[in-house]
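So the chains spell out like this:
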Amino acid sequence: MKIVVAGAGAGKTTTMAEEVLTRYGELKDGKIIYVITYTNAARDHIRNKITEQHGSIPTQIKVKTAHAFLLQEIIFPFHHLLYGQLYSGVSAINLPDNHTYKTKKLKELREKNIIHVEEVTKIARYVVNGKSTDRKVVKDRRLKVISIIKKYLDSIFIDEAQDMDADLSRIIKTFYINEFYLYIVGDPKQDLRGRSELRQLISSYPHFVKYKKENYRCPRSLVKLSNKYVPKEESQEYQKEEEGSIHYLFEKDINISNFFDNETFEYIYIYQKNERFITSDKDRDTHKNLLEYELKCLFKKIDCAENHVEKRAFVLLRWVQKNIIVKNNWGIVNGISDLLSLELSSQDKARMIAALDLNREILFKEGIIVDSIDKVKGLEGDRCLFILTTELAEYFFQNKTKQNKMANYLYVALTRAKKELFILITMEVEERYGRQWIENKLKALL
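Now for a description of the structure that goes with this document. All figures in this text were calculated on a predicted structure; none of them were measured in a lab.

Cut-offs used in this document
Residues numbered from 1 in each chain as written. Predicted model: local features only at pLDDT ≥ 70, side-chain atom pairs only at ≥ 80, totals over all residues. Heavy atoms only, no water. Axes fitted to C-alpha atoms, helices over the stretch in contact; angles between N-to-C directions. Helix = DSSP H or I, 4+ residues; strand = E, 2+ residues; numbered from the N terminus. Parallel < 35°, antiparallel > 145°, perpendicular 65-115°, else oblique. Left-handed = near helix turned anticlockwise from the far one by under 90°. Contact = heavy atoms within 4.5 Å. Nonpolar A, V, L, I, M, F, W, Y, C, P; charged D, E, K, R; others polar. Pairing = 2+ DSSP bridges. Phe/Tyr/Trp six-rings, centres within 6.5 Å; stacked < 30°, edge-to-face > 60°. Lys NZ or Arg CZ within 6 Å of the ring centre and 35° of its normal. Core = buried A, V, L, I, M, F, W, Y, C linked by side-chain atoms within 4.5 Å. Buried < 20%, exposed > 50% of the residue type's maximum accessible area, 1.4 Å probe, protein only. Arc of directions from axis to C-beta.

In contact at an axis separation of 8 Å, helix α5 (residues 120-129) and helix α7 (residues 166-177) are set at 25° when each is read in the N-to-C sense. When the axis of α5 is compared with that of α7, the two are roughly parallel. Judged by the sense of rotation from one axis to the other, the crossing of α5 with α7 is left-handed. Across from T121, K122, A124, R125, V128 and N129 in α5, the residues of α7 making contact are D167, L168, R170, I171 and T174. Of the residues contributing to the contact of α5 with α7, the split by class is 4 nonpolar, 3 polar and 4 charged.

Pairing within the open sheet is parallel, and its 6 strands lie in the order β3-β2-β6-β7-β1-β8. In this open sheet, the two edge strands, each paired with only one partner strand, are β3 (61-65) and β8 (209-212). On average, each strand axis in the sheet is tilted by 20° relative to the strand beside it, whichever way the strands run. Across 5 bridges, the pairing between strand β2 (residues 32-37) and strand β6 (residues 153-158) is parallel. Residue pairing for β6: Y34 is matched across the bridge by I156.

Within the structure shown, the criterion is met by 19 aromatic pairs. Clustering of aromatic rings is evident, with ring pairs tying together Y229, F396, F397, Y433 and W437. Sitting over the ring of F250, R435 keeps its end group 4.1 Å from the ring centre.

Judged by nonpolar contacts, the single largest core of 43 residues is most densely connected at I3, F69 and I184. Considering each element in turn, this core owes the most residues, 8 residues, to helix α3 (residues 66-83). Excluding anything up to four places from it in sequence, F69 contacts Y34, I36, K64, I74, L153, I156 and F175. With 36 residues, the next largest nonpolar core counts A393, I423, I438 and L442 among its residues.

Taken as a whole, helix α19 (residues 435-445) has its buried residues at I438, L442 and L445. With its buried residues spanning 65° around the axis, α19 presents them on a single face. Exposed residues on α19 whose side chains face more than 90 degrees from its buried face are Q436, K443 and A444. Buried positions along α19 lie against α9 (220-227), β11 (245-250), α16 (390-396), β16 (417-425) and α18 (427-433).

And the structure:
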């Protein structure tokens, strides 16, 4: 096993592609190599790097997301052998916050042999590591399953390992015990979920850890600044000779709308949306998907032909979206009931109202659309704007120095720019600390 700790701009994807191709050159038994990461964009980036270096992607190298790997190589082929249920599909439908409704929704999917994306790593961990209630016959079958996987799987390369959850971490440890070759790359400073699984692996296997300290992205001033917030062993060394520049400005001094109309930034990002700055992540689409799912469930109650459900649900969804502005939830629910000639149960109504509330929350938001720090992780631009809000100000001004999820958010925010970083001090931050105090602190930091 190798664990490579690589910070922002370290060129880890290029290095990983080189390592993958080196391992491929050593294969002699026809086994396959899996390269897994956490987003489609990161997957495609790795594929491109391998293609650049090799000319194409060999058939023995599979580059997939972590979920695709766990589904295709562990859950779909082996879960039914251990626990009887043969999963045949996967759903990313947005789940309700209410625990009872969420549990019911997951049960509905399982009854259709569909696994929800939120349960993928947990179900895969059951296959590889087992449950406390497993009988001997299941444990014996599990040993056979692992031996089968070993016959065709040579190695696993894991990118963005700081994003792994506890279930995948346990799977990885089991693969290590069973002598699979593992190459793990990640940056605990960019663990925005606060899972700390990569840090635990680093602590458990220190003799396998290598620190890749180069930063090819950021100019000297930004590397020096970001190093103030990280553990000494994870500090970076700038590779650019340019000094770069860091600017700060106060929200109270500018007209926000005019400022964003006249200035150009590759990325503008904030930790958490507020009434003036809103993030445009995937909320709108996921909430629309939940509403569409609930409508499809209603159509199945009126014995609508399977091949007509999709089209009729889409038409009804358009009706809901048109009327959500002028009707309250009960008006829409009663309208759906009339249109379908279906008497809705109290549970049907509650589920519909929950889905409608989520769509209203997105529909009536106003403000300047910016990115979340989560969304820009892994991205870079010449000129970036970081909107400093109270949540991260305590860490930026070094009133708090604990290495935790919030410190990781700050590190990501400070390491996106290739030339210029602008820091916008929000009104709330200025009101909390005072302008003079902030300016004195910034002079010391910058």
